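Chain by chain, the residues run as shown.
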Amino acid sequence: MKPNSKKRNPFQDIELEKEPPKHMKEKVMKQVHLSQMLLDSADLFTTKFGKTISDITNQKK
């Protein structure tokens, strides 16, 4: 590849005015919701769960 040659940007080929198919949009939204649920669960069990247990044990003292 030549040092001065430019790479083609595939995002410039996306048609912004065109609506995506309904089934594809639903599939993507389900994946987004699942990802958010997994992130929330991970946050709950790593950060907040430890803090809650710590708060409970410190309260008993």
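Residues numbered from 1 in each chain as written. Predicted model: local features only at pLDDT ≥ 70, side-chain atom pairs only at ≥ 80, totals over all residues. Heavy atoms only, no water.

**What to know about the overall build of the protein**
From N to C terminus, the protein includes one helix and zero strands. In the protein, buried positions account for 0% of the 61 residues. If you sum the accessible surface of the protein, you get close to 6,600 Å²; carbon and sulfur atoms cover 61% of it. (Helix = DSSP H or I, 4+ residues; strand = E, 2+ residues; numbered from the N terminus. Buried < 20%, exposed > 50% of the residue type's maximum accessible area, 1.4 Å probe, protein only. Areas by Shrake-Rupley, 256 points an atom, 1.4 Å probe, with all protein chains shown as cover.)

**Notes on a nonpolar patch on the surface**
A grouping of Leu44, Phe45, Phe49, Ile53 and Ile56 is seen on the molecular surface, where their side chains present a nonpolar patch of about 480 Å² in accessible area. Considering the arrangement of structural elements, one finds Ile53 in helix 1 (residues 22-60). (Patch = residues over 30% accessible without salt bridge, like charges linked within 9 Å, V, L, I, M, F, W, Y side chains within 5 Å. Salt bridge = Lys/Arg side-chain N within 4 Å of Asp/Glu carboxyl O.)

**Concerning the pattern of salt bridges**
Using the criterion set out here, one finds two salt bridges in the structure. Note that Arg8 and Asp13 form a salt bridge whose closest N and O atoms lie 2.2 Å from each other. Here Arg8 falls in the exposed class, since its relative accessible area comes to 60%. Where Lys25 meets Glu19, a salt bridge forms, and the shortest distance between an N and an O atom there is 3.3 Å.

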